[in-house]
Amino acid sequence: MTPETFASALSAIRHAGSVYGVILTRGHELLFQDTPLAADRVAELATTLDDIVYYFEQEKRSPDQLVFGYDGGNLLILLLGDFRMVVFHHQADEVDFVARASRAFLKDHAMDLLAHEWAAGSGSAPVPAV
Amino acid sequence: MAGSIEMDASAPPVNEALAEALKSRQPRFFRASRGSAKGRTGPEDTGRFAENLMILQECALLVGEKLGMSAVAHAVYYEGDETGGFSFDPNSNPQNPDVAGAIVNRRMPMRDFLQSVRDFINS
């Protein structure tokens with residue numbers, strides 16, 4: 001996945017349906033963000049997601065999708081290894097459509113990165129864990 | 001919110017309801033209000049719901065705080081082949097709202113899951 005296709009795929013999700021924001025992180029690294037939030041808010045949200053993932057790990061639990069509905073909007077959170085993808089959308093009914101598109105992107109991107117790291121000799125052989 | 005667990009008085013004995021729900025992969029519904037959770041599928045299952053409810057509420061509040069969105073309406077998760085979550089009952093007292101939720105042993109579309117919880121609230 002080239003930087004252009006990476007940005008293009010995320011931009012397509014960002015502009016699908018009632019989606020109004022997308023954040024992608026890998027651990028503490030912010031890979032992409034297009035939201036109405038200020039940068040410090042995005043950083044705080046990423047830290048909070050880290051805390052949530054850490055909590056679940058301590059409890060030996062591994063949810064891979066969380067959805068929170070608020071009066072002002074809905075949040076879809078996908079967890080895949082070190083990757084966390086957050087999609088903000090207005091229409092709660094769109095959640096499954098948004099999740100399918102986002103998960104397809106995330107799986108492709110994660111596998112692509114693993115393959116590159118393996119080819120570069122800096123990672124273990126890619127295992128399709130998804 | 002769910003500090004104690006009660007069995008619904010009309011629940012069948014010895015988790016028959018749980019066995020049937022698991023076999024048919026249908027949602028097991030629960031209610032929670034004023035610190036206690038109630039379900040028809042046994043104290044262990046109701047306890048799982050109560051634990052999930054507390055965790056999801058806490059997560060939703062933490063995330064919402066960062067976004068300036070404090071009024072949580074619902075939360076749902078997928079974990080393995082399980083779907084679980086809750087929705088606040090919009091007809092209950094806003095100062096002390098009731099919650100209804102469910103757990104089901106399949107990855108149910110989240111829209112359908114939330115609709116089933118709303119149908120349960122209105123039943």
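Each residue is numbered by its place in its chain's sequence as written, counting from 1. The naming scheme follows written order: chains are lettered A onward, ligands numbered 1 onward. At least 70 in pLDDT is required for a residue's local features to be given in this predicted model, at least 80 for side-chain atom pairs to be given and counted, and no such filter applies to totals for whole chains, interfaces and linings, which use all residues. Here the side-chain values reflect all heavy atoms present in the structure, with hydrogen atoms and water set aside.

## Here's the deal with the overall build of chain B
Note the threshold: Here a strand is any run of E in DSSP of at least two residues, a helix any run of H or I of at least four, and the numbering for each starts at the N terminus. The cut-offs for exposure are 20% and 50% of the maximum accessible area for each residue type, with area from a 1.4 Å probe on protein chains only; residues under the lower value are buried, those over the upper are exposed, and the others partly exposed. Computed with a 1.4 Å probe, the accessible areas rest on the Shrake-Rupley method; for each residue, only the protein chains presented here act as cover.
The number of helices and strands found in chain B is 3 helices and 6 strands. Going residue by residue from the N terminus, the α and β elements of chain B occur as β-α-β-β-α-β-β-β-α. Here chain B holds 123 residues, and 50% of them are scored as buried. When the accessible surface of chain B is totalled, it reaches about 6000 Å², and 50% of it is carbon and sulfur.

## As for the environment of Ala60(B)
Keep this limit in mind: Should any heavy atoms of two residues lie within 4.5 Å, those residues are counted as being in contact.
Locating Ala60(B) in the fold gives a position in helix H2 (residues 43-67). Separated by 10 residues in the primary sequence, Ala60(B) and Ser70(B) have C-alpha atoms spaced 8.6 Å apart. Discounting chain neighbours no more than four positions away, the residues touching Ala60(B) are Phe68(A), Tyr70(A) and Val72(B).

## Some thoughts on the environment of Asp98(B)
Residue and element names in this part refer to chain B. The topology assignment puts aspartate 98 in the loop between strand S5 (82-88) and strand S6 (99-104). With 64 residues separating them along the chain, aspartate 98 and arginine 34 place their C-alpha atoms 7.6 Å apart. Each residue touching aspartate 98, except ones within four places of it in the same chain, is listed here: Ala32, Ser33, Arg34, Phe88, Asp89 and Ser92.

## Things to note about the pattern of salt bridges
Once the charged atoms of two side chains with opposite charge are near each other, the side chains can pair. Quick reminder of the rule: The rule for a salt bridge is simple: a side-chain nitrogen of Lys or Arg has to be within 4 Å of a carboxyl oxygen of Asp or Glu.
Counted according to the given criterion, the structure contains 7 salt bridges over all chains. Where Arg107(B) meets Asp64(A), a salt bridge forms, and the shortest distance between an N and an O atom there is 2.7 Å. Here Asp64(A) lies in the loop between helix H2 (39-58) and strand S3 (65-70) and Arg107(B) lies in the loop between S6 and helix H3 (110-122), a pairing that spans two chains. Linked through salt bridges whose partners overlap, the residues forming this network are Asp64(A), Arg103(A) and Arg107(B).

## Considerations on the packing of helix H1 (residues 3-14) of chain A against helix H3 (residues 95-119) of chain A
For any two helices packed against each other, one specifies the inter-axial angle together with the distance between the axes. Residue and element names in this part refer to chain A. Using the following cut-off: To get an axis, fit a line to the C-alpha atoms, keeping to the stretch in contact for a helix; angles then go from 0 to 180 degrees between the N-to-C directions. Orientation labels follow simple angle bins: below 35 degrees gives roughly parallel, above 145 gives roughly antiparallel, 65 to 115 gives roughly perpendicular, and whatever is left gives oblique. For any helix crossing, the convention is left-handed if the near helix is rotated counterclockwise from the far helix by under a right angle, and right-handed if that rotation is clockwise. In this classification, the charged set is Asp, Glu, Lys and Arg, the nonpolar set is Ala, Val, Leu, Ile, Met, Phe, Trp, Tyr, Cys and Pro, and all remaining amino acids, among them Gly, are polar.
In the contact formed by H1 and H3, the axes pass within 10 Å of each other and the chain directions differ by 165°. For the element pair H1 / H3, the angle class is roughly antiparallel. H3 is crossed by H1, and the crossing has left-handed handedness. Between H1 and H3, the contacting residues are Phe6, Ala9, Leu10 and Ile13 on the first element and Ala101, Ser102, Phe105 and His109 on the second. Of the residues contributing to the contact of H1 with H3, the split by class is 6 nonpolar, 2 polar and no charged.

## Some remarks on the confidence of the model for chain B
In plain terms, the rule: The quantity called pLDDT is the predictor's confidence in a given residue, expressed from 0 to 100.
Considering every residue of chain B, the mean pLDDT works out to 89; 89% of them sit at 70 or more. Two summary scores accompany this predicted model of the complex, namely pTM at 0.88 and ipTM at 0.87.

## Side note on the pairing of S6(B)
Residues and elements named next belong to chain B. How we decide: A pair of strands is considered paired only if DSSP assigns at least 2 bridges between the two.
Counting buried residues along S6, 6 of its 6 residues qualify, which places the element largely inside the surrounding structure. Neither face of S6 is open: one carries Val99, Gly101 and Ile103, the other Ala100, Ala102 and Val104, and all of them are buried. Across 6 bridges, the pairing between S5 and S6 is antiparallel. Looking at the pairing, phenylalanine 88 lines up with valine 99 of S6.

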